[in-house]
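These are the residues of each chain, in order.
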Amino acid sequence: MESQIKALEKQARALEPSTGDRASLLKKAQQYGNNFLDELPQKPAYVTSERMGKGVYDLPFNDGPKDFDEILQVLESEVDRPGLNPASGKHAGYIPGGGLYPSAVADYLAAVTNRYTGVFFSSPGAVRIENMCIRWMCDLVGYPEKAAGNLTSGGSIANLIGLVTARDHADIKARDFHKAVIYTTHQVHHCVIKAIKFAGLQEAQIREIPMDRGYRMKAEELKKQIHSDKSAGLIPLVIFASAGTTDLGAVDPLDRIADLAKEHKLWFHVDAAYGGFFLLTDHGKQIMEGIDRADSVTIDPHKGLFLPYGTGAVLVKDGQRLYESQHMTANYLQDALKATEEASPADLSPELSKHFRGLRMWLPLQLFGVQPFRAALEEKLLLTRYFFQKIQQIDRIEVGPKPKLSVMAFRYVPENDDPDIFNKKLVDEIHRDGRIFLSSTNIDGAFYLRLAVLNFRTHLEEIDLILSILREKIHKLTGVASN
Ligand SMILES: *Cc1c(COP(=O)(O)O)cnc(C)c1O
């Protein structure tokens with residue numbers, strides 16, 4: 001048996017590269033990353049290709065090793081070329097993400113050390129780092145000391161945790177789920193509807209409260225609806241408001257909604273996945289007034305804090321409620337009970353073993369300080385207003401509501417053609433061209449293009465390029481040069 005073990009050990013040791021091999025791997029990876037970033041300004045924001053990355057299948061897994069150079073080549077041509085390039089400052093579609101370099105370094109360190117961040121007992125320092133990030137976001141929102149939260153994979157899971165916490169706190173039985181009422185608007189992110197399903201609440205009544213002309217929930221209508229639901233014997237459960245809708249960046253009247261939530265004892269959740277970090281700016285603080293009165297908040301560091309994908313957060317004003325909803329014990333975790341000085345992420349979310357997400361947020365905040373983030377967010381707000389003014393100088397351009405944050409919609413209304421058909425062609429042209437990326441949406445049944453400024457690499461030069469490409473494409477499609 002010993003000789004067999006030894007023979008296996010010899011093969012298994014291939015999993016641990018030598019110091020020299022590690023250095024070589026890292027050097028090549030670093031070179032790859034540097035090339036990627038150095039070439040980024042010249043690269044398109046979107047690439048359509050025939051093969052759409054099919055070449056990754058040319059490298060099937062097999063028993064033997066492969067050459068790293070060959071692997072990197074496939075990564076370059078099949079993964080990092082086709083499709084959207086979210087790292088590009090010329091990406092202004094959907095809600096752009098980020099990809100701060102120090103976060104990549106943090107991810108590298110987190111993976112090498114592989115600290116176990118599910119429970120405080122296992123990695124007290126790492127859990128403190130995560131809790132420090134949570135605490136910082138709680139301060140941003142204006143939450144008290146007793147607040148708690150969790151770094152999630154993104155806003156979708158954060159919204160789910162918020163909803164489940166609300167459901168558990170209401171102590172409502174499954175047999176009454178069909179009587180539960182969830183209040184939101186038509187503009188709420190679709191992941192909230194998914195969360196309702198995952199929370200087992202698909203039989204609940206979902207009320208889409210009418211909105212004003214700025215696509216904000218009308219508090220008066222909400223009030224009426226709650227009253228009528230109560231008199232019909234239903235159980236008002238939770239209000240899901242938005243602080244920065246994905247389509248238009250609209251912020252619901254949080255303060256007035258908070259009054260109603262308090263009066264009727266409803267759970268009040270604010271989805272600030274996109275808009276939340278604008279709280280670092282004076283303008284953001286002003287339009288999100290009342291967010292501190294919400295029972296729970298979703299905020300996505302991989303959006304407004306420019307982190308790479310995979311980091312959202314849920315914050316709950318009364319941390320005990322989050323704990324009561326999410327914690328569970330097990331025999332094999334009994335050692336963890338010895339160290340309870342700090343909350344453990346596993347007690348505040350459905351996850352146990354998880355990525356050390358805190359490090360990729362903590363490191364850039366430490367290295368850069370907070371001010372560059374605040375400046376970047378203020379810059380994004382102004383760039384969007386700048387675009388809003390400039391785009392209207394093009395003849396026959398129609399804009400949606402004045403941008404409240406950094407998202408806005410617009411369309412070209414041709415003299416004779418159907419505007420929906422024309423704007424679909426316009427967005428197709430832009431995608432085929434690829435130098436910039438914009439996405440589209442549907443507002444009140446009409447097809448609109450959207451501009452979303454949130455990549456930290458988007459500056460005046462990129463916005464001017466977007467404007468000039470729009471002029472160029474409109475000219476191409478209409479044959480009329482815009483002024
Ligand atoms: C992006 C977004 C979400 C979903 O968050 P993910 O991080 O993509 O899971 C939820 N709500 C709003 C308002 C968003 O913009």
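Residues take numbers from 1 onward in each chain, read along the sequence in its written order. Only residues with pLDDT of at least 70 get local features here, since the model is predicted, and only at 80 or more are side-chain atom pairs given and counted; chain-wide, interface and lining totals rely on the full set of residues. The side-chain figures draw on all heavy atoms in the structure; neither hydrogens nor water molecules are used.

Enquirer: Explain the domain arrangement of the protein chain to me, please; I cannot follow it from the model alone.
Expert: Where interface size is given, it is often the accessible area lost as the parts come together that is meant. Residue ranges assigned to the domains are those given by an automatic or database domain assignment. By the assigned domains, the protein chain splits into domain 1 (108-368) and domain 2 (371-478). Between the C-alpha centres of domain 1 and domain 2 the distance comes to 30 Å. Contacts were defined at the residue level, with two residues in contact if any of their heavy atoms lie within 4.5 Å. Between domain 1 and domain 2, the contact holds 25 residues from the first and 21 residues from the second. When domain 1 packs against domain 2, the two sides together hide about 2200 Å² of surface, and 71% of this comes from carbon and sulfur. In what follows, salt bridge is the name for a side-chain nitrogen of Lys or Arg lying within 4 Å of a carboxyl oxygen of Asp or Glu. The tally of links between domain 1 and domain 2 comes to zero salt bridges. Polar contact criterion, stated in full: a pair of N or O atoms within 3.5 Å, where within protein one must be able to donate a hydrogen and the other to accept it, and residues adjacent in sequence count only if both atoms are side-chain atoms. Across the contact surface, domain 1 and domain 2 share eight residue pairs in polar contact (both at pLDDT 80 or more). Three residue categories are used. Nonpolar comprises Ala, Val, Leu, Ile, Met, Phe, Trp, Tyr, Cys and Pro, charged comprises Asp, Glu, Lys and Arg, and polar comprises the others, including Gly. Of the residues that constitute the side of domain 1 that touches domain 2, the class distribution is 13 nonpolar, seven polar and five charged. A simple way to read buried area is as the amount of 1.4 Å-probe accessible surface that goes missing from two parts once joined, with both sides added.

Enquirer: Please clarify how the side chain of Asn85 should be interpreted in this entry.
Expert: Under the scheme used here, helices are H or I runs from DSSP no shorter than 4 residues and strands are E runs no shorter than 2 residues, and both carry numbers assigned from the N terminus. Along the chain, the position of Asn85 falls in the loop between β2 (83-84) and α4 (101-113). Exposed residues in this analysis have more than 50% of their type's maximum accessible area, buried residues have under 20%, and partly exposed residues fall in between, with area computed by a 1.4 Å probe over protein chains only. Looking at Asn85, the relative accessible area reads 8%, which means it is buried. In contact with Asn85, other than residues within four places in its own chain, are Phe36, Leu40, Pro44, Ala45 and His91.

Enquirer: So what exactly am I meant to see when it comes to the sheet that holds strand β13 (residues 446-452) here?
Expert: Sheets are built from strands paired through backbone hydrogen bonds, the pairs being either parallel or antiparallel. An order of β10-β11-β13-β12 is seen for the four strands of this open sheet, with the pairing classed as antiparallel. Across the chains shown, the open sheet's two edge strands, defined by having one partner strand only, are β10 (397-399) and β12 (439-443). Direction aside, the axes of adjacent strands within the sheet are offset by 40 degrees on average. Should DSSP find at least two bridges between two strands, the strands are regarded as paired. Pairing between strand β11 (residues 407-412) and β13: four bridges, direction antiparallel. Pairing of Ala409 across the sheet is with Arg450, part of β13. Running over the sheet, helix α14 (residues 371-391) touches β10, β11 and β13 and is turned about 15 degrees from β11. Lines fitted to the C-alpha atoms define the axes, with helices restricted to the stretch that makes contact. Angles between their N-to-C directions range from 0 to 180 degrees. Lying on the sheet, helix α16 (residues 460-478) is in contact with β10, β11 and β13; it crosses β11 at an angle near 20 degrees.

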